[in-house]
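For reference, the chains in residue letters:
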Amino acid sequence: MLNNSHNQVLLKRETNNPILSAADWPYSMNTVFNGAATLLQDGTTLLLCRVEDRRGISHLCAARSKNGVDGWTVDPEPTLLPDPDNYPEEQWGMEDPRITYLPELEKYAIAYTAYSTAGAVVSLALTPDFHEFERIGAVTTPWDKDAALLPRRINGLWVLIHRPMGNELGSHIWISYSQDMVRWGNHKLIMRARKGAWWDANKIGLSPPPIETERGWLYIYHGVRETVSGSIYRLGLALFDLDDPTRCLLRGDEWIFGPEEPFELKGDVDNVVFPCGFTIGPDNDALNLYYGGADTSMGLARGSIKELLAWLDAKGKPDDLNK
Ligand code: BMA
């Protein structure tokens, strides 16, 4: 696809995308996409990928790489399989994980979609190493997905960002708080889908976990445009106050990244870029964004946090929740 040369390219695609696809998998499956990301203590990049099997049910599988680009070692068997006997909400699979490292617990928290026979819910699990996992279980009711924890408590409470599915009034991003990660409350709407012709009309959701910067929590969120030939999943930016994460400081009007490459345009679900994870370079600025392409493979795009913030300064404005 030819792109308009006047568009600023904030996220640059890796040249050998897709970086992971079915051909890299050590066991029978259908597709690998929407992987979470984190940097382990030794600098290894770990992607906890959503793998869809040949029944249509998803599980999670870890892939590790020294440089975060190539040379991936994929776990020889599924890393985390649904456990519907003990967690019935996982009957139809585990999807779209997000990883947040929690220094207080010295563990990684994984927020994932558990697909129950009555709809998708948000579930949480903790792990020190991506070998042993401790499930907290379902923390919301259906439909709810696109969730991530913030890395630390705010005013003594853990913070969960998530996206309950709305009705004719749209699907919007909410925040909830908890003392113990099991019982969640103080729910508040924090960002609305727009309406009408907008690229992010009717349905939005958090993509990777919020990125902590000196200026605030930087959100890369997805917006869904419904068209006569299906949905288009694109990405936009917003910035939230560090101490009051209900307060949106800036939100950009335009999308900054959308399906362009063949592996993003065509797959099991066409026209989808769907990041669930990022890593940041040693300079604290280089951003590696890992995303699913067309629900079929994994891509990588790189950017600079400074440039994303500068774009928001130039193009963003405070968001009005009462619109
Ligand atoms: C959304 C997500 C993703 C997926 C996208 C496009 O609802 O749950 O699993 O990438 O749809 O199919």
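Here the structure is shown first, and the text comes after it.
Residues numbered from 1 in each chain as written. Predicted model: local features only at pLDDT ≥ 70, side-chain atom pairs only at ≥ 80, totals over all residues. Heavy atoms only, no water.

(A) Broad picture of the overall build of the protein chain. The number of helices and strands found in the protein chain is 2 helices and 22 strands. For a compact globule of 323 residues, the expected C-alpha radius of gyration is about 20 Å, and the protein chain comes in at 18 Å, within 12% of that figure. Projected onto the principal axes, the alpha-carbon positions of the protein chain cover approximately 45 × 45 × 45 Å. Looking at the protein chain residue by residue over its 323 residues, the buried ones come to 57%. Taking the intrachain contacts of the protein chain between residues at least 6 apart in sequence as the baseline, contacts between residues at least 24 apart amount to 51%. Just so you have it, the protein chain exposes about 14100 Å², and 49% of that area is on carbon and sulfur atoms. Of the side-chain charges in the protein chain, 31 are positive and 44 negative, and the distance between the mean point of each set is 6 Å. (Helix = DSSP H or I, 4+ residues; strand = E, 2+ residues; numbered from the N terminus. Rg over C-alpha atoms; globule rule 2.2 N^0.38 Å. Buried < 20%, exposed > 50% of the residue type's maximum accessible area, 1.4 Å probe, protein only. Contact = heavy atoms within 4.5 Å. Areas by Shrake-Rupley, 256 points an atom, 1.4 Å probe, with all protein chains shown as cover. Lys, Arg positive; Asp, Glu negative; His and termini not counted. Charge placed at Lys NZ, Arg CZ, Asp CG, Glu CD.)

(B) The arrangement of the site of the ligand in detail. Around the ligand, the structure places Asn 34, Arg 50, Asp 96, Lys 145, Tyr 233, Val 269, Val 272, Phe 274 and Asp 295. With respect to the ligand, the side chain of Asp 96 contributes an N or O atom lying 2.8 Å from an oxygen atom. For the ligand, an oxygen atom lies 2.6 Å from a polar atom in the side chain of Asp 295. In the complex, 86% of the free accessible area of the ligand, which totals 310 Å², lies under the protein chains. (Near = heavy atom within 4 Å. Polar contact = N/O pair within 3.5 Å; in protein donor to acceptor, adjacent residues only side chain to side chain.)

(C) Focus on the sheet that holds strand β8 (residues 119-127). Pairing within the open sheet is antiparallel, and its 4 strands lie in the order β6-β7-β8-β9. At either end of the open sheet lies a strand with only one pairing partner, and these are β6 (94-102) and β9 (134-138). Each strand axis lies, on average, 20° off the axis of its neighbour in the sheet, ignoring direction. Pairing between β6 and strand β7 (residues 107-116): 7 bridges, direction antiparallel. Residue pairing in the sheet places Tyr 101 in a bridge with Tyr 108 of β7. (Pairing = 2+ DSSP bridges. Axes fitted to C-alpha atoms, helices over the stretch in contact; angles between N-to-C directions.)

(D) Broad picture of unusual backbone geometry. Here Asn 17 and Pro 18 are connected by a cis peptide whose omega angle stands at -5°. Residue position: Pro 18 is located in the loop between β1 (12-13) and β2 (31-39). For Asn 155, which is not glycine, the phi torsion reads 50° and is therefore positive. Mapped onto the secondary structure, Asn 155 falls in the loop between β10 (144-149) and β11 (158-164). On the accessibility criterion, Asn 155 (73% relative accessible area) is exposed.

(E) Focus on the nonpolar core. Residues Leu 218, Leu 237, Ile 256, Phe 257 and Leu 287 are the most contacted members of the largest nonpolar core, which totals 23 residues. Ranked by residue count, the leading element in this core is helix α2 (residues 305-315), at 5 residues. Setting aside anything within four residues of it in sequence, one finds Phe 257 in contact with Leu 11, Arg 13, Arg 234, Leu 235, Glu 264, Val 273, Tyr 291 and Ala 301. Grouped together as the second largest cluster of nonpolar side chains are 21 residues, Leu 150, Val 159, Ile 175 and Met 191 included. (Core = buried A, V, L, I, M, F, W, Y, C linked by side-chain atoms within 4.5 Å.)

(F) A look at the packing of aromatic side chains. A full pass over the atoms with the stated rule returns 11 aromatic pairs. Between Phe 257 and Tyr 291, the aromatic rings sit 5.2 Å apart at their centres with planes inclined by 80°, giving edge-to-face as the arrangement. On the criterion of sequence distance, the pair formed by Phe 257 in the loop between β18 (248-252) and α1 (262-265) and Tyr 291 in strand β20 (residues 286-293) is long-range, its members being 34 residues apart. For the pair shown, Phe 257 and Tyr 291 are each scored as buried. An aromatic cluster of at least three residues, connected via ring pairs, comprises Tyr 101, Tyr 108, Phe 130 and Phe 133. Positioned above the aromatic ring of Trp 198, the side-chain terminus of Arg 194 is 4.2 Å from the ring centre. Here the basic side chain of Arg 234 rests over the ring of Trp 255, its NZ or CZ set 3.7 Å away from the ring centre. (Phe/Tyr/Trp six-rings, centres within 6.5 Å; stacked < 30°, edge-to-face > 60°. Lys NZ or Arg CZ within 6 Å of the ring centre and 35° of its normal.)

(G) Region of the structure containing the pattern of salt bridges. If you walk through the whole model with that rule in mind, you get 23 salt bridges. One salt bridge in this structure joins Arg 13 and Glu 264, with 2.8 Å as the shortest N-O distance. Placement of the pair is Arg 13 in strand β1 and Glu 264 in helix α1, with a sequence separation of 251 residues. A salt bridge links Asp 75 to Arg 64, with the shortest nitrogen-to-oxygen separation between them at 3.0 Å. Here the residue Asp 75 occupies a position in the loop between β5 (73-74) and β6, and Arg 64 occupies one in strand β4 (residues 58-65), the gap between them amounting to 11 residues. Relative accessible area serves as the criterion here: at 15%, Asp 75 is assigned to the buried category. Under the relative-accessibility criterion, Arg 64 is labelled buried at 18%. Residues participating in the shared-partner salt-bridge network are Arg 194, Asp 200, Arg 251, Asp 253, Lys 317 and Asp 319. (Salt bridge = Lys/Arg side-chain N within 4 Å of Asp/Glu carboxyl O.)

(H) Highlighting the sheet that holds β5. Judged by pairing direction, the sheet is antiparallel, and its 4 strands sit side by side in the order β2-β3-β4-β5 without closing on themselves. Looking at which strands have only one partner, the edges of the open sheet turn out to be β2 and β5.

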